[in-house]
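Chain residues, written in single-letter form:
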Amino acid sequence: MLHDLILGGEWILVIAVVAAAVPELAAAWQFILAACHYFRNHYGSCRPVFPRTAVLIPAWNEGAVIGESIDRLTKAEYPGESLRIYVVDDASTDETPRIVKAKEMQYPGQVVHLRREDGGQGKAHTLNHGLAVLLDDDWMEALLITDADVIFEPAALRTMARHLADPQVGAVTCYIKEGSRPGNYLTRFIGYEYVISQSAARRGQNVLGGLACLAGGAQLHSRANLLALGGRIDTSTLAEDTITTFETQLRGRRVVFEPHAVCWAEEPGAIAALWKQRLRWARGNVAVTSRYRRLWFRRARGHHLGGITFGVNWFCLFLQPIFMITSSAALLALYFAGSPRVWPAFRVLWIINAATYIFITGFALLIDPSTGRRCWRQAVMFPGVVNLAIIADTCFPRLLSRGASRFFAASHLAPPHTSWVTLFVYAWLGGSLAVAYLAKAVEPKRGGRLISAIILYIVGYGTLLCACTFASYVKELRRAEMTWDKTEKTGKMTIPT
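Residues numbered from 1 in each chain as written. Predicted model: local features only at pLDDT ≥ 70, side-chain atom pairs only at ≥ 80, totals over all residues. Heavy atoms only, no water.

1. Focus: the packing of helix H13 (residues 320-336) against helix H20 (residues 461-477)
Two numbers describe how H13 lies on H20: the axes approach to 8 Å, and their chain directions differ by 100°. On the basis of the axis angle, H13 is roughly perpendicular to H20. Along its contact with H13, which presents Gln 320, Pro 321, Ile 322, Met 324 and Ile 325, the element H20 presents Thr 463, Cys 466, Thr 469, Phe 470 and Tyr 473. By residue class, the composition of the contact of H13 with H20 is seven nonpolar, three polar and no charged. (Axes fitted to C-alpha atoms, helices over the stretch in contact; angles between N-to-C directions. Helix = DSSP H or I, 4+ residues; strand = E, 2+ residues; numbered from the N terminus. Parallel < 35°, antiparallel > 145°, perpendicular 65-115°, else oblique. Contact = heavy atoms within 4.5 Å. Nonpolar A, V, L, I, M, F, W, Y, C, P; charged D, E, K, R; others polar.)

Below you can see the structure in the form of structure tokens.
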């Protein structure tokens with residue numbers, strides 16, 4: 001009976017298989033939109049403006065990085081009399097207070113140390129402490145929210161500020177690049193990821209007219225926008241930057257990504273630290289998805305959020321682990337039912353994956369050539385060895401089968417049983433999430449760093465991010481406590497001067 005039921009719903013299962021390619025197609029579509037950014041952008045409304053800007057930096061035990069960040073900000077290509085730096089010291093117990101006070105004396109009138117004695121409540125609470133001080137007088141006309149480890153290139157702030165010449169713009173964000181030097185394989189994966197998720201995807205969102213998220217470490221707001229938001233940052237979720245982005249646009253103001261304004265940040269060099277950071281982000285996105293459930297796929301007058309394209313892009317990223325699991329389950333069901341459509345469906349899925357992989361990788365390396373030169377190996381290996389092998393076998397089955405036959409004949413080894421290989425390949429897309437989690441689990445063990453790196457190259461960095469998203473589902477279903485797990489910084493950055 002089960003066999004008949006499966007065959008009766010054969011086309012539904014085939015669709016479930018091929019649906020796993022939809023997130024890849026959505027990503028490719030964002031790259032096509034990014035190519036249109038040359039023709040559809042906000043530059044026609046820009047002009048040189050230098051509003052009195054307060055830089056707000058939340059800092060908890062940031063002694064390793066805060067001094068360099070302040071020094072770089074003071075060297076910005078921006079009028080000194082129009083720039084002040086406020087560091088909100090969130091009850092730090094390291095050298096942060098001493099370093100910031102020293103900078104306060106070094107740059108009198110330009111650097112201000114604000115101390116919170118009751119800290120540890122998270123970034124949003126720390127920012128609100130500073131906002132209350134800044135909005136108490138009329139000096140500030142614009143506010144740059146950044147992180148203690150972020151280093152802005154000299155022209156970044158003025159390049160962002162020119163968009164505020166348009167009163168319809170409420171906030172501007174810039175391109176954050178990974179700056180760990182010498183770094184390692186993981187920071188290079190992150191560097192390449194940021195080309196895809198920021199430089200390309202946010203250009204595409206500019207073209208659509210609606211941005212999904214201001215970068216938490218680089219967001220420039222007009223004073224009017226902050227007041228419209230109630231003068232406070234949302235403290236109810238772990239995605240305060242995304243909430244701020246949505247609320248700005250829902251209130252009728254535009255949010256713009258400025259790709260030519262660049263800043264640098266130190267990113268995690270270990271999977272455990274990356275997992276902690278991305279789990280926080282993913283749990284925040286779960287909350288955002290729920291909070292704005294009435295918005296999705298319903299484009300309203302006055303903003304560009306919630307339309308079909310925006311909604312498809314959001315949910316393709318948000319639900320990608322589900323697509324992977326259901327695709328594998330559908331393939332296995334078709335296989336065990338003896339359906340003749342299982343292999344064609346599998347081939348369609350992986351040929352689409354192959355085409356989008358080639359397109360996205362090539363385009364991304366062209367968008368940011370300097371990052372491409374440094375991270376091209378991680379760009380090529382982004383899907384993982386197994387996925388690349390499946391892509392190659394799907395696209396060139398005869399060539400690879402001929403090569404495999406020659407290998408086993410020359411080595412006198414018995415070829416693997418075909419049915420077991422087929423089952424493994426069909427189950428891989430969903431099962432790879434568990435393998436990705438294994439990379440995190442083994443890292444703390446003796447020799448685990450090397451083993452976890454090998455696993456990550458096998459399974460793919462993108463799959464690791466999907467596993468983290470799946471973990472966020474579990475955390476939310478269990479109603480786990482929301483805690484702000486800070487990503488620790490070491491100050492190991494070498495930034496171009």
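Past the structure itself, the notes keep going.
2. Quick notes on the pattern of salt bridges
This structure, assessed with the given rule, holds 18 salt bridges. If you follow the salt bridges from partner to partner, you end up with Asp 89, Arg 115 and Glu 117 in one network. (Salt bridge = Lys/Arg side-chain N within 4 Å of Asp/Glu carboxyl O.)

3. Digging into the domain arrangement of the protein
Looking at the assigned domains, one finds that the protein contains domain 1 (2-26 + 307-477) and domain 2 (41-291). Measuring from the centre of the C-alpha atoms in domain 1 to the corresponding centre in domain 2 gives 35 Å. Between domain 1 and domain 2 the total buried area reaches about 3400 Å² when both faces are included, carbon and sulfur atoms providing 75% of it. Taken as a group, Trp 314, Arg 374 and Tyr 461 account for 19% of the area that domain 1 buries against domain 2, more than any other trio of residues on that side. Between the two partners, domain 1 and domain 2, sit two salt bridges. Put simply, Asp 368 and Lys 177 hold a salt bridge, and the shortest N to O gap is 3.2 Å. At the surface where domain 1 touches domain 2, the tally comes to ten residue pairs in polar contact (both at pLDDT 80 or more). (Domains from an automatic or database assignment. Buried area = accessible area lost by both parts, 1.4 Å probe. Polar contact = N/O pair within 3.5 Å; in protein donor to acceptor, adjacent residues only side chain to side chain.)

4. Here's the deal with the sheet that holds strand E3 (residues 111-116)
As summarised here, the arrangement of the eight strands in space is E3-E2-E1-E4-E7-E6-E8-E5, forming an open sheet in which the pairing is mixed. Looking at strand neighbours, the two that pair on one side only are E3 and strand E5 (151-152), the edges of this open sheet. Where strand E6 (residues 169-178) lies against strand E8 (residues 254-265), nine bridges are found, and the strand directions are parallel. Bridging from a neighbouring strand, Lys 177 pairs with Trp 264 of E8. (Pairing = 2+ DSSP bridges.)

5. So, empty space enclosed by the protein
A probe as big as a water molecule, rolled over the atoms, marks out the empty space that is left. Tallied over the entire structure, the rule returns one cavity of 30 Å³ or more. In this structure, the largest cavity spans a volume of roughly 30 Å³. Lining the largest cavity, in full, are Lys 123, Leu 127, Ile 145, Gly 216, Gln 219, Ile 233, Glu 240, Asp 241 and Thr 244. Examining the composition of the lining of the largest cavity, we find that three residues originate from one element, helix H10 (residues 240-250), more than from any other. Taken together, the residues that form the lining of the largest cavity break down as three nonpolar, three polar and three charged. (1 Å grid on protein atoms, 1.4 Å probe; cavity = no way out; pocket = protein on both sides within 12 Å on 5 of 7 lines; lining within 4 Å. Points joined across faces, edges and corners; volume = space filled by probe spheres on them.)

6. Some remarks on the pairing of strand E2 (residues 83-90)
Where a strand is regular, its side chains alternate between the two sheet faces. Of all eight residues in E2, seven are buried; the element is thus mostly enclosed. Across seven bridges, the pairing between strand E1 (residues 53-59) and E2 is parallel. The residue bridging Pro 58 from the neighbouring strand is Val 88, located in E2. Where the polypeptide runs from E1 across helix H4 (residues 66-74) and back to E2, its parallel neighbour, the crossover connection is right-handed. As paired strands, E2 and E3 are joined by six bridges and run parallel to one another. Across the sheet, residue Asp 89 finds its bridge partner in E3, namely Arg 115. Remark: the E2/helix H5 (residues 96-106)/E3 crossover connection has right-handed handedness. (Buried < 20%, exposed > 50% of the residue type's maximum accessible area, 1.4 Å probe, protein only. Right-handed = clockwise from strand over helix to strand, strands pointing away.)

7. As for the packing of aromatic side chains
Per the stated rule, a full pass over the model turns up 30 aromatic pairs. Relative to Tyr 473, the ring of Phe 318 lies with its centre 5.8 Å away and its plane at 65°, an arrangement referred to as edge-to-face. On the criterion of sequence distance, the pair formed by Phe 318 in helix H12 (residues 308-318) and Tyr 473 in helix H20 is long-range, its members being 155 residues apart. Feature note: the residues Phe 246, Tyr 292, Trp 296, Phe 297, Phe 310, Trp 314, Phe 315, Phe 318, Phe 470 and Tyr 473 constitute an aromatic cluster, connected by ring pairs. Across from the ring centre of Trp 139, 4.0 Å away, lies the NZ or CZ of Arg 84, which sits over that ring. (Phe/Tyr/Trp six-rings, centres within 6.5 Å; stacked < 30°, edge-to-face > 60°. Lys NZ or Arg CZ within 6 Å of the ring centre and 35° of its normal.)

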